[in-house]
Amino acid sequence: MRQLQHPLLVESTHDESARQDFAKSMRLAVTSDIQFGNRHVYEKEVAPAFEKAQKRPLKNRTEARHALLRAPYFQMWSSLKRTTQELVWASVIEPLDRQADAIKAKAKKGGKKLGSLRMNPAIDIPRYISAVDIHSMPGNYHTEHEDEDIYQGALFDRGAWIYAMGSRGPLHDNGGFVLFDYLKKAHPGFTPKRILDMGATIGGSTLPWCDVFPDAEVHAIDVAGPCVRYGHARAEALGKKVHFHQMNAEKTDFADESFDLVVSCIMMHETATTALHNIFAETHRVLRKGGVALHMDGPQYENLPVIQQVISDWDTQYNAEPFIGTLHDMNLTEVMRKGGFSPARVKEVPHPRFAPNHTGLDINNVAPTHRAGNYLIVDGVK
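Thresholds, definitions, all that
- Residues numbered from 1 in each chain as written.
- Predicted model: local features only at pLDDT ≥ 70, side-chain atom pairs only at ≥ 80, totals over all residues.
- Heavy atoms only, no water.
- Phe/Tyr/Trp six-rings, centres within 6.5 Å; stacked < 30°, edge-to-face > 60°.
- Helix = DSSP H or I, 4+ residues; strand = E, 2+ residues; numbered from the N terminus.
- Buried < 20%, exposed > 50% of the residue type's maximum accessible area, 1.4 Å probe, protein only.
- Lys NZ or Arg CZ within 6 Å of the ring centre and 35° of its normal.
- Expected span 1.5 Å × (residues − 1).
- Bend = angle between axes of the 7 residues up to and from the residue.

## A closer look at the packing of aromatic side chains
Each pair of aromatic rings is reported with the distance of its centres and the angle of its planes.
Here's step 1: Taken as a whole and assessed by the stated rule, the structure comprises nine aromatic pairs.
Here's step 2: An angle of 65° between the planes, with centres 5.9 Å apart, marks the rings of Trp77 and Trp314 as edge-to-face. Linking Trp77 in helix H4 (residues 72-109) with Trp314 in helix H12 (residues 314-318), this pair joins segments that are 237 residues apart in sequence. By the burial criterion, Trp77 is buried, and Trp314 matches it.
Here's step 3: Here a set of aromatic residues connected by ring pairs shows up, and it is made of Phe74, Trp77, Trp314 and Tyr318.
Here's step 4: When the ring centre of Phe259 is taken as reference, the NZ or CZ atom of Arg194 above it lies at 4.5 Å.
Here's step 5: The ring of Tyr375 has Arg353 lying over it, and the distance from NZ or CZ to the ring centre is 4.9 Å.

## Points about H4
Here's step 1: The end-to-end C-alpha separation of H4 is 53 Å, in line with the 56 Å expected for 38 residues at 1.5 Å each.
Here's step 2: At Gln99, H4 is deflected by roughly 60°, the largest bend along its length.
Here's step 3: A positive backbone phi angle near 60° is found at Gly110, which sits one or two residues after H4.

This is the structure we're talking about:
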């Protein structure tokens, strides 16, 4: 499937598009057939060799990773994966550099004013964002190259779609529809009037809430200025009314009990442990009595075989996502409890990665690792 070409999305020449398609196809191969080879190497070679030498089986993913690091196949796969990550961003940077000024001008000009944009020039970018380039994206989400910058938002829009091999949906909207799919089944009849999306980046998972609850007031927050500016302009161009704020989810300036629904989509693994505790406490503070909180990320490691833990944890070691392993070892129900939620009103629920009949995804053209995997949704009711 193709990404939807909206007015702000960077456009590519024939050759640039071919390079991007190659990066996506190469990443698909690396994360499917080639990646699956690690299981064979681990089960048939690495684990037996370790047990023979140490007179005991491998205990955990740390031991397994160190043992696999000596296997040429794992080395080859790891090198290919990192290289394709970098190729994804490089394939977008060249056309974006050529069009950045024009895209910025479109964003500033805008059109019919639907939502709003509120910036905070004095915001303190947390170190868990400023110290790394998450997903190996040069400059991460937050880097400001000039005044009123939108560059990193535009880079993320096209690059992250290639990075996810189309699995995010034509508008990066699959995550939002997955959450809605869960919400309507777990909380039938629940109709929020005010919705807050935390860590929204450019609002890919935010916009579906405008469609499924057209009478709701939708707010999106993120610390990254370029993503918030771009996300606002993108939403306006797509005819969606969203109120974007440059704001840290750890401590917002919203009033107590001011939202019916608070959500996040794949944000938790990009926050430090202390920050996650703060975010869950802030979720509880801004949620009205009877309101619902849905925070979604990948599955906990305790539910995965050791070799799959190593594969999933690759990003912790080599892709500038240092909190993935920590998050997936955490008891999130306990973190929600410490944030103020009653344990009896919190649950962790596996949910399929794809919401049927919403985003038009061709699941047969998505890496099998993504097809088979689940999200984990932390569901809390105040």
